[in-house]
Structure formats: C-alpha cells, structure tokens
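Read off the chains here:
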Amino acid sequence: MSGTENTTAKATSSTTTKNITTDQMELADDWSNIDREKLVRGSTPEGIEQRCLDLVRSYLSGSWANLTLEDVTVKRIAGGFTNQMYRVSLKESVQKLPNPIYGEDEPETVAVKLYQAKHIKNYHEGDPERLNDTIILNVMSQKGLGPKVYGIFEGGFIQDFLTHEQFRAAHMAQPALRKQLMELLAAINLLQIPIRKDRDLMMKRTRGFITRGYEQCEVRKLAEELNLKYLKEEDVFVEYDEVMSKIEALKAPLVFVHNDFRGSNLLVVKNDTGHQIFACDLEHGGYGTRGFDLGSIYCEWNKKDIMDMAFTPPEDSVMEELVGFYIEACERFVPGYASKEGNSVEQHLKEARVMVLANKLFFTSFMMQFTESIVPDIPFDHKKHMVSLFFKKYLN
C-alpha cells in the first residue's frame, strides 16, 4: 500500500457511528489499529524467490536473462486483498547487458503478481476464470493506461514496478490531477475490449451475494441480535430491485467499466513534467452502465486511505467540474461526443448519482455474504464482521 498515510479506522464522524452502540464499537475495535504492512492475503509460499527468479529470467531478457538468486532482491508487497505481489529488483552489482526487446527501457525493478482465488466472478459461466483479466491487462498496458506488462503466465503476470502514491484526498484537492483522472476514466470507458458484453454482470452478481447473506450467513438473525437498524428494517432484495430499476431507467450507454475505480487502484506517479495517473487491478472490469466508475470516485471522495471511514462527498460544483472534464476528454477521443443526445452534463450527473447507490449496494451485499477474514491477523467472526467499521462504511 505504497504512498498511503498510516491513519486508523476509528469512528471520526457522526455518519459512521450512527446506530452503533458502545458494545458494538468494542466488537468493531479489531479494525482500529491494523498494521498496514499486514494487509496481505495468504502465506508467502516456500521457494518464492526461486519462482520469481525463474519468471523474470524467462520474460525480461537482457540483463535479467542469466541471473542467480544472489543477483536479485525479492520482497513481498503488502496490501494484496485479492492476490499476492512481489517486488523483484536487480542488485547494483549486476552487469547491465543490451536488451534486444526493451533496449534502454529495460526495467531495474518489476512486480510479480500471483493470482489467488477470486472474490468476485466477473466472467461468463464456462469461460476460464482469468481470461478477461488477461485480455484487459494487455490492452491497458498497450494503451499506456496501466503499468507496462512484461509477461503473462498461468497464475499471474509481471509488470513495471511504479513508485507511486495512491490517489487520495491530497490529490483530489488539485484541479490538474482531477482533470487528468477524468481523462483516464474517459479513455478506459471508451476502450473496445474483446470480451463478452454482458451488461452490468457485477450488479447481477450482487443478487447472489444478498441470497447467500440471507440463506447461508444468517444476516437477519444477526441483525436482530446485534440491533442493526437498517438490516432489521429494510429488505435488501427490495433495495436491489429498486436500484436495478433506476439503472434501467437511465437508458445509459454500455461502456467498458473498471468496476473498482477507487484510490487504492489509482497510481499517481511523478515524472519529468509533473504527475501521471495509471489504473491497475482491473480484475472486476467488464461492460456495464456508464457512470459506475464516477460513482465509485464519489464514494471515495476525500478519503486519506482505504481504512478511512469518514464519508464527505464532493460538492455539486466539484461533480459538475469532474463531469465537464470527462466530457471534454470524450470529445477529444470521439469528436461529436459532447453534442450527441444523452451526453449532457445533466445526464452524466444523473447517471453518477444512481450509480453511487449501485456502488453502495454492491459493497454492502458483498460484505453481507463474507465468510473470510480480509486481514489474516484478525480471525473471522461474523458478529464482529457485521458491526465492523469496514462494513458500516457501506451500510450507512
């Protein structure tokens, strides 16, 4: 989780603490002082250094081709909720050799990502689990919208290691970076990715999450026992149907959607002219309703890091500015976009507002059916999970 501040997840606003009793806060306290360095998934495999070495030698060529373990450093990178990532670097003592593929752009440090089981299925039944991921990853790399990819293998990939900051409150305060963010989003939404065009597949998965939460995780029983106001009084199936009805009523265009367009997946990299923003972790990407990614940004606004539970949505003027930047970028990529019916500022804002609801519903439903601890140091306890601040972040 490079570049993020070491804040805590204590309740800091009335919005977060509403309807949480003192007892519930004590149950939620496991999240209060999480060591960010322990936000990793799965134990480090034995022999991982040799495996990473074999991979970089095979895919990078040049100075990397004939290395030994004494020539590289391998370090686990924290922050992997879904996968495992390792930084592999050439030691200074390694003799640099001509690289026939990458020339002077040969990297000195790369990231090796190893897939773990997916939390969420963003692919069509019957397709290979990582087929979409591989296609999307390659297109994003070739278009310069994500980190450069050097190798794709069964079980993971090798990409450029970028020293970066996550796109957070400090960056959101800068108009130039807000504009660049919307240019990146426009470029992503307009991509023509050769994958199935199943509309809003992620939202359709949401109904399955709700079913599992009610049927297998006893959410109703726990809501009564823990006095969780909203889950006691509201039927999440009804809310799902209402949100889907609103999405359909938008009649918004089908676009490629990141589906996890939030600060932890947006890399702000310093360069000679200032900064460049890259998007990563498109494992949930697919085709869906325009506006979902903008809704994600709305939900993330002004957050210092992933564990910041305060919710301070952007002012209307800021949303209008963001949409304006987005339309300008789309017009540049697709001349005539801005004048086309259905592409007004008002329509984009309407879509974003509805998709804020979709974002909240998706993550609430996802948390409802959770049976696995996100952080290894905290054993999974369903009662604690139901009142944790991570859960309440979405429920409120």
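As shown above, the structure is provided for reference.
Residues numbered from 1 in each chain as written. Predicted model: local features only at pLDDT ≥ 70, side-chain atom pairs only at ≥ 80, totals over all residues. Heavy atoms only, no water.

(A) Region of the structure containing the packing of aromatic side chains. Applying the stated criterion across every chain yields a total of ten aromatic pairs. Consider the rings of Tyr214 and Phe237, whose centres lie 5.5 Å apart with planes at 45°: the pair is tilted. Here Tyr214, found in helix α7 (residues 201-215), pairs with Phe237, found in helix α10 (residues 236-250); they are 23 residues apart in sequence, far enough to count as distant. When sorted by exposure, Tyr214 lands in the same class as Phe237, which is buried. With a centroid separation of 4.9 Å and an interplanar angle of 80°, the aromatic rings of Phe366 and Phe370 are classed as edge-to-face. With relative accessibility at 10%, the residue Phe366 sits in the buried group. According to the relative accessible area criterion, Phe370 is buried, its value standing at 5%. (Phe/Tyr/Trp six-rings, centres within 6.5 Å; stacked < 30°, edge-to-face > 60°. Helix = DSSP H or I, 4+ residues; strand = E, 2+ residues; numbered from the N terminus. Buried < 20%, exposed > 50% of the residue type's maximum accessible area, 1.4 Å probe, protein only.)

(B) Highlighting the pairing of strand β8 (residues 266-271). Relative to β8, strand β6 (residues 165-166) runs antiparallel, the two being bridged by two bridges. Considered in β8, the bridge of Glu165 is made with Val268. Pairing between β8 and strand β9 (residues 274-279): six bridges, direction antiparallel. Across the sheet, residue Val268 finds its bridge partner in β9, namely Ile277. Taking the residues between adjacent antiparallel strands as the criterion, β8 and β9 are bridged by two residues. (Pairing = 2+ DSSP bridges.)

(C) How the structure looks around the nonpolar core. One finds Phe256 and Leu266 to be the most contacted residues of the largest nonpolar core, which totals 40 residues. Going through the elements one at a time, α4 (131-142), α6 (175-189), β8, β9, α11 (292-300), α12 (316-333) and α13 (345-368) are the ones with two or more residues in this core. Looking at which element gives the most residues to this core, the answer is α12, with nine residues. What Leu266 contacts, discounting residues up to four positions off in sequence, is Glu165, Gln166, Phe167, Leu181, Leu184, Phe261, Ile277, Phe278, Ala279 and Ile297. If you look at the next biggest cluster of nonpolar residues, it comprises 36 residues, including Met244, Phe366, Met367 and Val387. (Core = buried A, V, L, I, M, F, W, Y, C linked by side-chain atoms within 4.5 Å. Contact = heavy atoms within 4.5 Å.)

(D) The environment of Leu201, seen in detail. Along the chain, Leu201 falls in helix α7. By relative accessible area, which is 17% here, Leu201 ends up buried. When the C-alpha positions of Leu201 and His124 are compared, they lie 8.5 Å apart, and in sequence the two are 77 residues distant. With residues near it in sequence (within four places) discarded, Leu201 still touches Asn122, Tyr123, His124 and Tyr287.

(E) Fine view of a negative patch on the surface. Together, Glu234, Asp235, Glu239 and Glu242 give the surface a local cluster of negative charge. Residue position: Asp235 is located in the loop between α9 (229-233) and α10. (Patch = residues over 30% accessible without salt bridge, like charges linked within 9 Å, V, L, I, M, F, W, Y side chains within 5 Å. Areas by Shrake-Rupley, 256 points an atom, 1.4 Å probe, with all protein chains shown as cover. Salt bridge = Lys/Arg side-chain N within 4 Å of Asp/Glu carboxyl O. Lys, Arg positive; Asp, Glu negative; His and termini not counted. Charge placed at Lys NZ, Arg CZ, Asp CG, Glu CD.)

(F) Fine view of empty space enclosed by the protein. If you walk through the whole model with that rule in mind, you get seven cavities of 30 Å³ or more. Taken as a whole, the largest cavity spans an internal volume of roughly 190 Å³. Of all the secondary-structure elements, those providing two or more residues to the lining of the largest cavity are α4 and β5 (156-160). Ranked by the residues each element gives to the lining of the largest cavity, the list is headed by α4, at five residues. Partitioning the lining of the largest cavity into residue classes produces nine nonpolar, three polar and four charged. The space that makes up the second largest cavity amounts to roughly 160 Å³. In this structure, the second largest cavity is lined by 21 residues; those nearest its centre are Asp198, Leu201, Asn259, Gly286 and Tyr287. (1 Å grid on protein atoms, 1.4 Å probe; cavity = no way out; pocket = protein on both sides within 12 Å on 5 of 7 lines; lining within 4 Å. Points joined across faces, edges and corners; volume = space filled by probe spheres on them. Nonpolar A, V, L, I, M, F, W, Y, C, P; charged D, E, K, R; others polar.)

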